[in-house]
Amino acid sequence: MKIERVTANNYHLFDDMIYWRINGKEKQNSKIDFSLSKEIRDELNNENLYIQAMVIDSKMVGWISMIYMPKVGKYNGRGHIYVDELWLEPTYRGKGLAGHLMSCADDLNKTLNAMGIRLYVSGDNDAARSLYENCGYKYADEALFMTKYNSKNDD
């Protein structure tokens, strides 16, 4: 098992994992495609975006997506790490592997000298809440998650 940053060079493995997550099965005849769209390349090159993937037997089986949000004012330019998403293939769950992905947030927090790490979790997602508590996260407050999409993204 290793954890590596998702880049243009290994994005095809990440794309295969996303396909599996959406469809519940592996792609047939998956081929390496280095012709990424400009949008994907731009996102992967965003200096504040960090996507770390767990690789087992040359296959990505999970990831953590984080963003560094710089702050000005009272934090003197130090910001927070936000964990946007954590996912692990169901066959790899319950084996302590998600904790390894969560440690990526701790490492990034130290590397960037951030103020701390923040994340949101659904109140009814007991497994995720337990994971985060075991990683040292504490309940902070109730929050209402709101979103606004562009009309082309309404699903």
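Structure: see above.
First, a word on what this report is: a plain description of the structure on this page. (Residues numbered from 1 in each chain as written. Predicted model: local features only at pLDDT ≥ 70, side-chain atom pairs only at ≥ 80, totals over all residues. Heavy atoms only, no water.)

Now for the overall build of the chain. Across its full length, the chain carries 4 helices and 5 strands. Relative to its length of 155 residues, the chain is compact, with a C-alpha radius of gyration of 17 Å against a globular reference of 15 Å. Along the first, second and third principal axes, the C-alpha set of the chain runs to 50 × 35 × 35 Å. Buried positions account for 33% of the 155 residues belonging to the chain. Here the analysis covers contacts within the chain between residues at least 6 apart in sequence; of these, 57% occur between residues at least 24 apart. Taken as a whole, the chain presents about 10,800 Å² of accessible surface, with 48% of it coming from carbon and sulfur. In the chain, which carries 20 positive and 22 negative side-chain charges, the distance between the mean positions of the two groups comes to 3 Å. (Helix = DSSP H or I, 4+ residues; strand = E, 2+ residues; numbered from the N terminus. Rg over C-alpha atoms; globule rule 2.2 N^0.38 Å. Buried < 20%, exposed > 50% of the residue type's maximum accessible area, 1.4 Å probe, protein only. Contact = heavy atoms within 4.5 Å. Areas by Shrake-Rupley, 256 points an atom, 1.4 Å probe, with all protein chains shown as cover. Lys, Arg positive; Asp, Glu negative; His and termini not counted. Charge placed at Lys NZ, Arg CZ, Asp CG, Glu CD.)

The next subject is unusual backbone geometry. For Asp57, which is not glycine, the phi torsion reads 50° and is therefore positive. Structurally, Asp57 is set in the loop between β2 (49–56) and β3 (59–69). With a phi angle near 55°, Asn113 is a residue other than glycine that sits in the positive phi range.

Moving on, we come to the pattern of salt bridges. Taken as a whole, this structure holds 5 salt bridges when the rule is applied. Among the ionic pairs, Glu85 bridges to Arg21, the shortest N-O distance being 2.6 Å. Residue Glu85 is found in strand β4 (residues 80–88), and its partner Arg21 is found in helix α1 (residues 11–23); the two are separated by 64 residues along the sequence. Note on Glu85: relative accessible area 28%, which makes it partly exposed. The partly exposed category is assigned to Arg21, whose relative accessible area is 37%. With a shortest N-O distance of 2.6 Å, Asp42 and Lys38 are connected by a salt bridge. Highlighted residues: Asp42 and Lys38, both in helix α2 (residues 38–44), separated by 4 residues, approximately one helical turn. Given the relative accessible area of 56%, Lys38 is considered exposed. (Salt bridge = Lys/Arg side-chain N within 4 Å of Asp/Glu carboxyl O.)

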